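Now for the letters of each chain:
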Amino acid sequence: MNRTIVDMWVGIFVVAGLGAILLLALRVGNASATFNVSDTYSVYADFENIGGLKVRAPVKSAGVVVGRVANIQLNSQTYKARAELAIDKRYQFPADTSAAILTAGLLGEQYIGFDAGGDVENLKQGSVLQITQSAIVLEKLISQFLYNKAAEGGSSDKAAEAK
Amino acid sequence: MVWGARVLKALASGFSHIGRSVVEGTWRLGYASRFLALVLLRSGLSFGRFSLVVRKVYFSGVQSLIIILVSGLFVGMVLGLQGYETLVRYGSAEALGTLVALSLVRELGPVVAALLFASRAGSAITAEIGLMKATEQLSAMEVMAVDPIARVVGPHFWGAVISMPLLAAMFSAIGVFGGYLIGVVLIGVDDGAFWSQMQAAVDFRHDVMNGIIKSAVFGFAVAAIATFEGYDAPPTAEGVSGATTRTVVTSALAILALDFVLTSFMFTGQ
């Protein structure tokens, strides 16, 4: 086969292959939303209970993904879970921002929600979030509900007897 | 006494049979490693005449395009149909995009593309090199002081290594398109949810890059096996046909075994 035709086909082949990688990156993988290590800063948050939070779970503020959970470790002094959050440098938050572990949907994956505070100073690399809210554990919630129901039932019986 | 001698003789021949096959297997493994090292060492010479490599990219990459694209489209469409059947029971048909994209990018794209590549291009490489050896073209080159490893084997090897990741990426991309065709166009899953859930779940570095690394490793394995089997083939018609079969079988086993090893390194601990 003619050499220029071979060259042309190989050129088309390579360009199509690179195009497929680009397509996978942008259309399928949404590379624009994944942050590079270089342009993030780390803040830390201590939680009583992280529930089902996983590394690489999103950090959202007002529903917008602003970062990801980089690391989760148990602090053996306080027995609290310390989550390292890699936040995109484009987003700055006040120093008294609070973090809560929330669930997407009823049984969806868990993520960290940021509620911006009113401090004039911003969070810096290595800051620790002071206000945190742990994950809601469904079993605890149900047992609390049953306990309250039982208590209510008992008191209403007593009220009936008093009458 | 006679019986004892017979039993001893049978035992000795059994042991020597096992021993011979172990020694031969080890020798062949060492020969293959030396061959691979030689190909890599002399790849500078192959790249020096880059038009040869380009020609082999055409031979193993461009000519495999049709089978890769058609198979990718159908694998994606089947994933769309089967995934929808299962997901709709749990009321989460919108996760179809995630299912199709993750299974293609992480596993099916690299593995199925590599299996097809081994049977389409790997066997052709073995047959070509084996026949060149059988018709003494390789020996003729050596007589003319042309190194057959740099002139014939190297371009084949690098052509396959370059083609494989590109083919796997195209397989995954057209597979996602096939899943889209079935899921969104035919069944009627919501278009926005299909893409947005997919984009939320697929991470570029963790999923797409690891898939590309996988396909590059598979390409390397297939190229090494195919060129070695061709170079090592007995110079007869039967020898070349046996070598071609061995290429496909060994490549398939190597791809699946490597896939397990790579997956256990890449996608665990999450």
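Relevant structure appears above.
Quick caveat: nothing in here was measured; it's all calculated off a predicted structure. (Residues numbered from 1 in each chain as written. Chains lettered and ligands numbered in written order. Predicted model: local features only at pLDDT ≥ 70, side-chain atom pairs only at ≥ 80, totals over all residues. Heavy atoms only, no water.)

Quick word on the overall build of chain A
The criterion, for reference: The helix and strand labels rest on DSSP assignments: H or I over at least four residues marks a helix, E over at least two residues marks a strand, and numbering proceeds from the N terminus. For every residue, the accessible area (1.4 Å probe, protein chains only) is compared with the maximum for its type, and the residue is labelled buried under 20%, exposed over 50%, or partly exposed between those bounds. Surface exposure here means Shrake-Rupley accessible area, sampled with a 1.4 Å probe, where a residue is shielded only by the protein chains that are shown.
For chain A, the helix and strand inventory stands at two helices and eight strands. Listing each helix as α and each strand as β along chain A from the N terminus yields α-β-β-β-β-β-β-β-β-α. Put simply, chain A has 163 residues, and 32% of those count as buried. Here chain A has roughly 10,200 Å² of accessible surface; of this, 58% comes from carbon and sulfur atoms.

Examining the interface of chain A and chain B
Threshold: By definition, residues are in contact when any of their heavy atoms lie within 4.5 Å. Buried area is understood as the total, over both parts, of accessible area removed when two parts are fitted together, assessed with a 1.4 Å probe. Between Lys or Arg on one side and Asp or Glu on the other, a salt bridge is scored when a side-chain nitrogen of the former is within 4 Å of a carboxyl oxygen of the latter. Distance and chemistry together define a polar contact, namely a pair of N or O atoms within 3.5 Å, with one atom able to donate a hydrogen and the other to accept it when in protein, and with adjacent residues in sequence counting only for side-chain atoms on both sides. Each residue is assigned to one of three groups, with Ala, Val, Leu, Ile, Met, Phe, Trp, Tyr, Cys and Pro labelled nonpolar, Asp, Glu, Lys and Arg labelled charged, and all others, Gly among them, labelled polar.
Taken together, the contacts link 28 residues of chain A with 29 residues of chain B. In total, about 2,600 Å² of surface goes out of reach between chain A and chain B, with carbon and sulfur atoms giving 71% of it. Put simply, chain A and chain B have zero salt bridges between them. Counting the contacts that link chain A with chain B gives zero residue pairs in polar contact (both at pLDDT 80 or more). Its residues assigned to classes, the side of chain A that touches chain B shows 19 nonpolar, five polar and four charged.

Some thoughts on the environment of A104 of chain A
All names here are of chain A. Counting through the fold element by element, A104 comes out in the loop between strand 5 (98-103) and strand 6 (110-115). The class for A104 is partly exposed, based on a relative accessible area of 32%. Linking A104 and L18, residues 86 residues apart in sequence, is a C-alpha distance of 35 Å.

Description of the environment of K80 of chain A
Residue and element names in this part refer to chain A. For K80, the location among the structural elements is in strand 4 (residues 80-88). According to the relative accessible area criterion, K80 is partly exposed, its value standing at 30%. Between the C-alpha atom of K80 and that of N49, which follows or precedes it by 31 residues, the distance is 7.2 Å. If near-sequence neighbours (up to four positions away) are discounted, K80 is found in contact with D46, F47, E48, Q73, L74 and N75.

Points about the pairing of strand 5 of chain A
In plain terms, the rule: Here a strand pair is declared whenever DSSP counts at least two bridges between the two strands.
Inspection of the sheet shows strand 5 of chain A paired to strand 6 of chain A by six bridges, in the antiparallel sense. Looking at strand 6 of chain A, one finds that A99 of chain A is bridged to F114 of chain A.

With respect to empty space enclosed by the protein
All names here are of chain B. Applied cut-off: Cavities and pockets are found on a 1 Å grid laid over the protein atoms alone: a cavity is a set of points where a 1.4 Å probe fits but cannot escape, a pocket is an open set with protein on both sides within 12 Å along at least five of seven lines, and a lining residue has an atom within 4 Å of such a point. Grid points are joined across faces, edges and corners, and a volume is the space filled by probe spheres set on the points.
A complete count under the given rule lists one cavity of 30 Å³ or more for this structure. Reported here for the largest cavity is a volume of approximately 60 Å³. Residue assignment for the lining of the largest cavity shows that the elements contributing at least two residues are helix 5 (96-134), helix 7 (148-187) and helix 9 (204-232). In terms of residue class, the lining of the largest cavity is made up of eight nonpolar, three polar and no charged.

Observations concerning the packing of helix 4 (residues 65-87) of chain B against helix 7 of chain B
Residues and elements named next belong to chain B. Here is the rule: Think of each axis as a best-fit line through the C-alpha atoms, taken over the contacting stretch in the case of a helix, with angles from 0 to 180 degrees between the N-to-C directions. Roughly parallel here means an angle under 35 degrees, roughly antiparallel means over 145, roughly perpendicular means 65 to 115, and every remaining angle is called oblique. Take the far helix as the reference: if the near one is turned anticlockwise from it by less than a right angle, the crossing is left-handed, and if turned clockwise, right-handed.
Contact pair helix 4 / helix 7: the axes reach a minimum separation of 7 Å and the direction vectors enclose 40 degrees. The angle between the axes of helix 4 and helix 7 places the two elements in the oblique class. Of the two possible hands of crossing, helix 4 and helix 7 adopt the one that is right-handed. Between helix 4 and helix 7, the residues in contact are L65, I68, L69, S71, G72, L73, V75, G76, M77, G80, L81 and Y84 and L167, M170, F171, I174, G175, F177, G178, G179, I182 and I187, respectively. Classifying every residue of the contact of helix 4 with helix 7 gives 15 nonpolar, seven polar and no charged.

A closer look at helix 3 (residues 50-60) of chain B
Taken as a whole, helix 3 of chain B has its buried residues at L52, V53, V54, K56, V57, Y58 and S60 of chain B. The elements touched by buried residues of helix 3 of chain B are helix 1 (3-28) of chain A together with helix 2 (43-48), helix 5 and helix 7 of chain B.

Comments concerning helix 9 of chain B
Residue and element names in this part refer to chain B. This is how the line gets drawn: Helix span, expected: 1.5 Å multiplied by one less than the number of residues in the helix.
Compared with the 42 Å implied by 1.5 Å per residue over 29 residues, the 40 Å span of helix 9 between its first and last C-alpha is a close match. Of all 29 residues in helix 9, 22 are buried, a share of seventy percent or more. One side-chain oxygen at the N-terminal end of helix 9 lies 3.3 Å from the backbone nitrogen of R205; it belongs to D203.

By themselves, these observations are geometric and do not establish any function.
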